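Descriptive analysis of the structure
These are the residues of each chain, in order.
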Amino acid sequence: MNATLEMLGYFREATVFFCALLIGLGSVVLLRCFWRSDRGRDVGDGVRKLQTEPILRVGGVALFAVFLFACLTAMSSSHPDRVSLVGWPFFLLGTTMFLLGFLDDLFGLPALLRLFVQIAVGVAAYLCEMRIDLVSHPLGAGEIETGAFGLVLTVIWFAAIPNLINLVDGMDGLAGGIALFLSLTLATLGAFSGHTELLLLHVALVGGIVAFLIFNLPPAKIYMGDGGAYLIGFIIAGSSLLTSNKGSIFGALLVVVIALGFPILDTALAMLRRGLTGLPVMRPDALHLHHRLLTLGFSKRNILFILYGVFAGLSILGLSVFLSAGYTLPIVGMVATIAVIQTMRFVGLPHNFAEVKKVLRDIVAARKDVRYAYAMSLVLEHDLERVPDAGGFWEKLREFLSRLGITPVVGELPPPADPERKTIVVRIDESTLWVLRCPRPEGTSRRWERVARCFLSAIMGARARWGSGLPASLGFLGFEDPGALAATERALLAANTPPAVAAESGTAPGTGTDPASTTTGLGAES
């Protein structure tokens, strides 16, 4: 194959790209035509997964077929007098990561088992010379030997990147877009550093990801699943260490870290939010940055275009650091800082010290109630398999709400003004509101919105099991017209803000623009 690639000359990369594209397209089409098992299909839950029909989530099989072709192409292009950068250890370890995720897609493996296998892959990669053992100073001469700590860094690297790709895979086309721009970045890195194997590996991967995205853009017809996310993450983590010039490893790592700026920020904010609130840090929710953009009225395709622009910008910034030998790092840091602050401001997150202090105080004050509500929601989720009918489940929910001092709003809307009680509105989906009365917190605290959101998973589980509408006696309001839903929501919020709070927050009573008065099932939390 090496001779064939040499004969292609300038058309070599284009040929590899189109071959990978065809392999990816063919694999996805075959999967959709011949996969008949219910295992490996993703069913919507109404909270984070909004699809109405089961969708195949084993698209990682198609990406693995492309990975096999990419590895064979890269290995065949290596010079006979040099050690191949992409060898069989790289392929076998990538296969292990794919199989780990694929089995999790089918059977749901325990988290500790997955972490153990990822650590084992990281140790094996270290023994196979894919390691962080010698790094250069980003702004000058000199090298730093990591010694035995290099093993720890390598294992963290190989565990963090695949999980990061997997965690951010929360919207159609999102993880595939990140993988696409990272592969383009690493392919460019390979071209400028003279590593043909790295170049061809990622050119082939770009072709496969483009083929996958044709079926994964909203509305998605197939998901990459954990198998695809773990495989893509391993390729990125491993290929960024595949260089014969060990002193340049830091540059390659820095390019990947900068290009992954969005998922790193999103994951860090999610874990910080859950930890401070008192929820498990790995508990999935619908409060990621792309969910917040949905609540602002953006369509899924528009959100993808925005985020793809962000990914492209971050990739260019990362490459600039590598190509300038680190001299643009201060400029990149400044641009990234300004971008983070403006992004947090745009999506409604605290973006200055005064707001951060206020939100932290609110979260700490609500922590006890949130943990109590979360514990009761877990009981309700277990009761889904034990309660014989929907009536018994909803009565338990009513009892748990009353323990928190929460009462459903039934009858007259908006409810009569009460200086001691606050009305909160939780949007369950595009056709359902949940209206509750709670003890009024101080100022514009959002304690009870956080508490109510803890029950969403159990509520959607009950709706999925019994297939009936949500009971109006618990404050659930159903709408056929989205316009009527939005109008009712605005009316409830406008009637909810008392004059004292409106004066404090700068919102005129009756305008309904108090940003702390509402939340949605998709998540709008500070």
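Structure shown above.
This write-up is about the structure you can find in this document. Being a predicted model, the structure only gives us computed values, none of them experimental. (Residues numbered from 1 in each chain as written. Predicted model: local features only at pLDDT ≥ 70, side-chain atom pairs only at ≥ 80, totals over all residues. Heavy atoms only, no water.)

1. Here's the deal with the environment of L217
Relative to the helices and strands, L217 resides in the loop between α8 (196-216) and α9 (225-239). Of the residues examined, L217 reaches a relative accessible area of 26% and is grouped as partly exposed. Through-space distance from the C-alpha of L217 to that of L174 is 8.4 Å; in sequence the pair is 43 residues apart. Apart from residues no more than four positions distant in its own chain, L217 is found in contact with D172, G173, R301, L304 and Y308. (Helix = DSSP H or I, 4+ residues; strand = E, 2+ residues; numbered from the N terminus. Buried < 20%, exposed > 50% of the residue type's maximum accessible area, 1.4 Å probe, protein only. Contact = heavy atoms within 4.5 Å.)

2. Description of unusual backbone geometry
Where the residue is not glycine, phi is negative for most of them; where a peptide bond is considered, it is trans in most cases. The omega torsion of the bond from P218 to P219 falls at -5°, within 30 degrees of zero and hence cis. Tracing the chain through its elements places P219 in the loop between α8 and α9. At E129, a residue that is not glycine, the phi angle is positive and equals roughly 75°. Take E129: it is sitting in the loop between α5 (111-127) and β3 (134-136).

3. Section: a nonpolar patch on the surface
On the surface, a nonpolar cluster with roughly 530 Å² of combined accessible area is contributed by L112, L115, I119, V123, L127 and L151. Among the elements that make up the nonpolar patch, the one with the highest residue count is α5 (5 residues). (Patch = residues over 30% accessible without salt bridge, like charges linked within 9 Å, V, L, I, M, F, W, Y side chains within 5 Å. Areas by Shrake-Rupley, 256 points an atom, 1.4 Å probe, with all protein chains shown as cover. Salt bridge = Lys/Arg side-chain N within 4 Å of Asp/Glu carboxyl O.)

4. Here we look at helix α7 (residues 174-193)
The end-to-end C-alpha distance of α7 is 29 Å, a good match for the 28 Å that 20 residues give at a rise of 1.5 Å each. Most of α7 is tucked away: 15 of the 20 residues are buried. G194, located one to two residues past α7, shows a positive phi value of around 80°. (Expected span 1.5 Å × (residues − 1).)

5. Section: the pairing of strand β6 (residues 421-429)
Along β6, 8 of the 9 residues are buried, which leaves the element largely enclosed by surrounding structure. Hairpin connection, β6 to strand β7 (residues 432-439): the antiparallel pair is bridged by 2 residues. (Pairing = 2+ DSSP bridges.)

6. Quick look at the packing of aromatic side chains
Scanning the entire structure with this criterion turns up 18 aromatic pairs. Judged by centre distance (5.6 Å) and plane angle (15°), the ring pair of F67 and F91 falls under stacked. Here F91 lies in helix α4 (residues 88-107) and F67 lies in helix α3 (residues 60-76), a separation of 24 residues in the sequence. F91 matches F67 in its accessibility class, with the two residues each being buried. (Phe/Tyr/Trp six-rings, centres within 6.5 Å; stacked < 30°, edge-to-face > 60°.)

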